[in-house]
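Tertiary structure, described
The chain contents come next:
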Amino acid sequence: MSSSSLMGIGCYNPQTARDCDMWQRLQDFCASAPQPFGRDPQTGHVTGSAFVMSWDMQSVLLTHHRKLGRWFQLGGHCDGIADVPFVAQKEAYEESGLTRIKRMSEWVFDVDIHEIPENAKEAAHLHFDVRYLFQAEAGKISASEESHSLAWVPLKRLAEVTGSPGVLVLRDKLAPFLQRHC
């Protein structure tokens, strides 16, 4: 499969039919939405996420999301910033307490489009989530007010902690991604 690039997001090399579908939908959304990097719940919006790996690459840092009550990778809204890798890294710092996080590749790790349920402030809407791979280099983890807890979860135990396909994709994609892009 071929790779392609999207301004403000980076290059992606889709490997599966799912990857191709998500990438095409993201490209279409960015081309048609008036403010794809804004925070409009009527149209959805681009978000940036970080899979932060431990120094030995055996565990991933997950946050127990306060609003959704489930374990996820770190990340958040672009809030108008059209530099999604920057947003992912900024969110990783803010949500982890780590003092040094290294981006492992210039390439996009994964794209996942998922619905955020309706809440008191917003209608249900889509997050066009672009994920990048990082490695923790220094600091102790400390949960922000956005989460109940943080945990280093061994990849071999990931399915015991979360059933989210958007997180479990890490197990299947990590080794091939590292071979191709790191």
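Throughout this description, residue numbers start from 1 for each chain and increase along the sequence as written. Side-chain atom pairs in this predicted model are given and counted only at pLDDT of 80 or more, local residue features only at pLDDT of at least 70, and totals for whole chains, interfaces and linings cover all residues. Water and hydrogen atoms play no part in the side-chain values, which are based on all heavy atoms of the structure.

1. Overview of the overall build of the protein
For clarity, the threshold we go by: Only DSSP runs of H or I reaching four residues or more are called helices, and only runs of E reaching two or more are called strands; each is numbered from the N terminus. Taken over C-alpha atoms, the radius of gyration is set against a globule rule of 2.2 Å times the number of residues to the power 0.38. Contacts between residues were defined by any pair of non-hydrogen atoms, one from each residue, lying within 4.5 Å. Each accessible area is a Shrake-Rupley result for a 1.4 Å probe, and residues are judged covered by the shown protein chains and nothing else. Charge counting treats Lys and Arg as positive and Asp and Glu as negative, with His and both chain ends excluded. By convention, the charge on Lys lies at NZ, on Arg at CZ, on Asp at CG and on Glu at CD.
For the protein, the helix and strand inventory stands at four helices and 10 strands. Going from the N terminus to the C terminus, the protein shows its helices and strands as β-β-α-β-β-β-β-α-β-β-β-β-α-α. The C-alpha atoms of the protein give a radius of gyration of 15 Å, which matches the 16 Å a tight globule of 182 residues would have. Projected onto the principal axes, the alpha-carbon positions of the protein cover approximately 40 × 40 × 30 Å. Sequence separation of at least 24 residues holds for 66% of the intrachain contacts in the protein that already meet a minimum separation of 6. Here the protein displays about 9,000 Å² of accessible surface, and carbon together with sulfur accounts for 52% of that area. Mean positive and mean negative side-chain charge positions of the protein (18 and 22 charges, respectively) differ by 6 Å.

2. Remarks on helix α2 (residues 84-96)
Note the following rule: Helix span is expected to be 1.5 Å times the residue number reduced by one. Burial classes follow relative accessibility: with a 1.4 Å probe on protein chains only, a residue under 20% of its type's maximum area counts as buried, one over 50% as exposed, and anything between as partly exposed. For this quantity, the arc is that covered by the directions from the helix axis to the C-beta atoms.
Here α2 contains 13 residues, and its C-alpha end-to-end distance of 18 Å stays within 8% of the 18 Å for a straight helix at 1.5 Å per residue. All of the buried residues in α2 are Val84, Pro85, Val87, Ala88, Glu91, Ala92, Glu95 and Ser96. Mapping the buried residues of α2 onto a view down its axis gives an arc of 160°, with all of them on the same face. In this structure, the buried residues of α2 make contact with β3 (45-53), β4 (59-65), β6 (74-77), β7 (100-103), β9 (125-138) and β10 (147-154).

3. Points about the pattern of salt bridges
Inclusion rule: By convention in these notes, a salt bridge is any Lys or Arg side-chain nitrogen within 4 Å of a carboxyl oxygen on Asp or Glu.
On inspection of all chains with the given rule, the structure shows 15 salt bridges. When the shortest N-O distance is used, the salt bridge between arginine 18 and aspartate 112 registers 3.0 Å. Of this pair, arginine 18 sits in helix α1 (residues 17-32) while aspartate 112 sits in strand β8 (residues 110-116), placing them 94 residues apart in sequence. The class of arginine 18 is partly exposed, set by a relative accessible area of 29%. With relative accessibility at 10%, the residue aspartate 112 sits in the buried group. Between lysine 90 and glutamate 94 there is a salt bridge; the shortest N-O distance is 3.5 Å. Of this pair, lysine 90 and glutamate 94 both sit in helix α2, four residues apart, which is roughly one turn of the helix. Its relative accessible area of 26% is what places lysine 90 among the partly exposed residues.

4. Digging into α1
Relative to the 22 Å expected for 16 residues at 1.5 Å per residue, α1 spans 22 Å between its end C-alpha atoms, a close match to the ideal helical length. Listed as buried for α1 are Asp19, Met22, Trp23, Leu26, Phe29 and Cys30. Buried residues of α1, seen end-on, are gathered within an arc of 125° and therefore sit on one face of the element. Opposite the packed face of α1, turned more than 90 degrees from it, sit the exposed residues Ala17, Ala31 and Ser32. Against the buried residues of α1 lie β1 (4-6), β2 (10-12), β3, β8, β9 and α4 (165-181).

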